[in-house]
Amino acid sequence: MVDTEAESRIEQADKNFFDDPHEYYRRWREHGPVLRVQFPVGEPVWVVIGYAEGRAALAHARLRKSMAGVAELMHRKNPDAQLDSQAIALSSHMLNTDPPEHTRLRKMINKAFTTRRVAVLRPRIEQITAELLDAMAEHDEVDLIEAFATPLPVTVICELLGVPFTDRTEFQYWTKVIVGSSGEVEERNRCYAEMASYLTDLVQAKRTDPGDDILSGLTQTREDDDQLTDQELVAMAFLLLIAGHETTVNLIANGTYALLRNESQFEALRKDPSAVPAAVEEFLRFEGPVDWATVRYTEEPVTIGDTEIPAGEFIYVALSAANRDPARYHDPDELDTTGDTSGHLAFGHGIHFCVGAPLARVEAEIAFSALLQRFPDLTLATSSEELTWQPSLLIRGLAALPVSLR
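Just so it is clear, the structure is predicted and the values come from calculations on it, not from any experiment.

Novice: It is not clear to me how the sheet that holds strand β12 (residues 379–380) should be interpreted in this structure. Could you clarify?
Specialist: Note on sheets: strands pair through backbone hydrogen bonds, and any given pair is parallel or antiparallel. In spatial order, the strands read β5-β13-β12; together these three strands make up an open sheet with antiparallel pairing. In this open sheet, the two edge strands, each paired with only one partner strand, are β5 (141–143) and β12. Pairing between β5 and strand β13 (residues 402–404): three bridges, direction antiparallel. When the bridges of β13 are listed, Asp 143 appears paired with Pro 402.

The following block contains the structure:
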């Protein structure tokens, strides 16, 4: 039976949504797994918060992801909106494409981003981790995000893509602005323009003088007579650079924060490092680094669960809500590093499943194993009430995580 009330009912998300979206999800869940949501700014959008419905939506062949289609629908809904051409160009990567174009782009990256390449990175990730922990040990208190959770994946992705580590401050700033939900439009457009210029120069340098890195490999990769264009390479670099570090930063930070609020599980993991891989999956389920999956839209009416969504609508899957659906997971709002995490949606599902998931898992396993062994007395250096979360629908992450090391 189709839910006809969902289209007329609109849930409200206030400015404090980012402080604790789970409070909203629990309240919204009383009205069903598929809802229309209104934020203080913009038009209402459809949000899927149920696990079964979210999993189905992520793999639904009739939910579109073309960036060109997103831009067209945005303009149709708001003809006065200024759509930045650089933002559209950078966002036209494989995550925002549909088959057959997605299939073509995914095949190209799969040739360069192999499981074997990730596996051989383990010793280097362990080395970087040890060096960062050595530097932390010189202090009694640090911001774990600044001292550890950020530089580890940033260093790894820079080396993997062949991006100069000295440029990290710039692209980290651009990333924060681009993935955030606050800030001025002019600032966001400027960041898109600066990042596009930077990546265009980088791609040209890789074509001229390729090295032993993924981005260089992508400039040379061919599939029959096909090769990525410069614009496709720039968009691919944009996706890999942002997704390759921002998500892992928050996986490490969110997981650590969850452990610091659960002393018994912290101690159990410290005593049994072999349990860390399973714990990482629970961190992904419990407070994953991505709150909402990137936008989808309808070209024709589509039914998700019992709700028919009309044509011409934007749809988001709230991954963090789906991963705490009590219809799927027992006592989902409690951290349990030995619990059932099977099928969690933190990396998505279907053809757009995160290509960097193996790398994120390796980095997180190494990071948590080493951190817990090196600093067994790690504690929060502030109250939970004083911590702030990034104002972003895409990223679920803290602005800072002050910790005492001894």
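Novice: Would you take a moment to explain the packing of aromatic side chains for this structure?
Specialist: By convention here, two paired aromatic rings are described through the distance between centres and the angle between planes. Taken as a whole and judged by the stated rule, the model has 16 aromatic pairs. On the numbers, 6.2 Å between centres and 75 degrees between planes, the contact of Phe 17 with Trp 292 is edge-to-face. You can see Phe 17 sitting in the loop between β1 (10–12) and α2 (21–28) and its partner Trp 292 sitting in the loop between α16 (276–287) and β8 (296–298), a full 275 residues away along the chain. The burial state of Phe 17 is the same as that of Trp 292; both residues are buried. Seen in terms of ring centroids, Phe 283 and Phe 368 are 4.8 Å apart; in terms of plane orientation they differ by 45 degrees. Their pairing is tilted. Taken together, the positions of Phe 283 in helix α16 and Phe 368 in helix α18 (residues 357–374) put the pair 85 residues apart, joining distant regions of the chain.

Novice: Could you clarify how one ought to interpret the side chain of Asp 291 in this entry?
Specialist: Residue position: Asp 291 is located in the loop between α16 and β8. Despite being buried, Asp 291 has no salt bridge partner; Arg 396 is the closest side chain of opposite charge, sitting 5.5 Å away. A polar contact of 2.8 Å, which involves the side chain of Asp 291, links it to the side chain of Tyr 25. A polar side-chain atom of Asp 291 sits 2.3 Å from a polar atom in the side chain of Ser 320. Those residues within four positions of Asp 291 in sequence are excluded, and the remaining contacts are Phe 17, Pro 21, Tyr 25, Val 317, Ala 318, Leu 319, Ser 320, Leu 393, Leu 394, Ile 395 and Arg 396.

Novice: Just to check I follow, could you spell out the nonpolar core for this structure?
Specialist: A general trend in soluble globular proteins is that nonpolar side chains are found buried together. Formed by 93 residues in total, the largest nonpolar core has its most connected members in Phe 148, Met 195 and Leu 199. With 17 residues, helix α14 (residues 230–260) is the largest single contributor of residues to this core. Here Phe 148 is in contact with Thr 129, Leu 132, Leu 133, Met 136, Pro 153, Ile 252, Ala 367 and Leu 371, once residues within four sequence places are set aside.

Novice: What is the right way to look at the environment of Ala 321 in this model?
Specialist: Looking at the element boundaries, Ala 321 is found in helix α17 (residues 319–322). Counting along the chain gives 29 residues from Ala 321 to Trp 292, while the straight-line C-alpha distance between them is 8.7 Å. Not counting chain neighbours up to four residues away, the residues in contact with Ala 321 comprise Tyr 25, Arg 29 and Ile 49.

Novice: Sorry if this is basic, but what is going on with the sheet that holds β1 here?
Specialist: Spatial strand order, β1-β2-β3-β11-β8-β4: six strands in an open sheet with mixed pairing. Strand pairing shows two members of the sheet lacking a second neighbour, β1 and β4 (63–64), which therefore form its edges. The pairing of β1 with strand β2 (residues 34–38) spans three bridges and is parallel. The residue of β2 that forms the bridge with Gln 12 is Gln 38. This element, helix α4 (residues 67–77), spans β8 and β11 (314–317) of the sheet and lies at about 125 degrees to β11.

Novice: Explanation requested: the state of the cysteines in the structure shown.
Specialist: One covalent bond between the sulfur atoms of two cysteine residues makes up a disulfide. Per the stated rule, a full pass over the model turns up zero disulfides. Of all cysteine sulfurs, the one in Cys 158 lies closest to Cys 191, which takes part in no disulfide; the gap is 17 Å. The thiol of Cys 354 is not disulfide-bonded; the next cysteine sulfur, from Cys 158, is found 17 Å away. On the basis of relative accessible area, Cys 354 is assigned to the partly exposed category, the value being 30%.

Novice: How do you make sense of helix α11 (residues 168–179) when you look at a structure like this?
Specialist: Quick reminder: α-helices carry 3.6 residues per turn. Residues three or four places apart thus point the same way. The end-to-end C-alpha distance of α11 is 16 Å, a good match for the 16 Å that 12 residues give at a rise of 1.5 Å each. Every buried residue belonging to α11 is among Phe 171, Gln 172, Trp 174, Thr 175, Val 177, Ile 178 and Val 179, and all of these are buried.

Novice: Honestly, the pattern of salt bridges in this entry has me stumped. Any pointers?
Specialist: Any two side chains of opposite charge can pair, given that their charged atoms come close. The final tally for this structure, using the stated rule, is 26 salt bridges. We note a salt bridge from Arg 64 to Asp 98, for which the minimum N-O separation is 3.5 Å. Of the two residues, Arg 64 is situated in strand β4 and Asp 98 in the loop between α5 (85–90) and α6 (101–112); the sequence distance between them amounts to 34 residues. What makes Arg 64 partly exposed here is its relative accessible area of 22%. Across the pair Glu 267 and Arg 270 runs a salt bridge whose closest N-O atoms are separated by 2.7 Å.

Novice: Is there a simple way to explain helix α15 (residues 263–271) in this structure?
Specialist: Taken together, the buried positions of α15 are Gln 265, Phe 266 and Leu 269. For α15, the angular spread of buried residues about the axis comes to 105 degrees, placing them on one side. Residues Glu 263, Ser 264 and Lys 271 are exposed on α15 and point more than 90 degrees away from its buried face. On its buried face, α15 sits against α14, α16 and α18.

Novice: Mind showing me how you'd approach the environment of Ala 135 here?
Specialist: Its place among the elements puts Ala 135 in helix α8 (residues 122–136). For the pair formed by Ala 135 and Ser 384, sequence separation is 249 residues and the distance between their alpha carbons is 25 Å.

What counts and how
Residues numbered from 1 in each chain as written. Predicted model: local features only at pLDDT ≥ 70, side-chain atom pairs only at ≥ 80, totals over all residues. Heavy atoms only, no water. Pairing = 2+ DSSP bridges. Helix = DSSP H or I, 4+ residues; strand = E, 2+ residues; numbered from the N terminus. Phe/Tyr/Trp six-rings, centres within 6.5 Å; stacked < 30°, edge-to-face > 60°. Buried < 20%, exposed > 50% of the residue type's maximum accessible area, 1.4 Å probe, protein only. Lys, Arg positive; Asp, Glu negative; His and termini not counted. Salt bridge = Lys/Arg side-chain N within 4 Å of Asp/Glu carboxyl O. Polar contact = N/O pair within 3.5 Å; in protein donor to acceptor, adjacent residues only side chain to side chain. Contact = heavy atoms within 4.5 Å. Core = buried A, V, L, I, M, F, W, Y, C linked by side-chain atoms within 4.5 Å. Axes fitted to C-alpha atoms, helices over the stretch in contact; angles between N-to-C directions. Disulfide = S-S within 2.5 Å. Expected span 1.5 Å × (residues − 1). Arc of directions from axis to C-beta.

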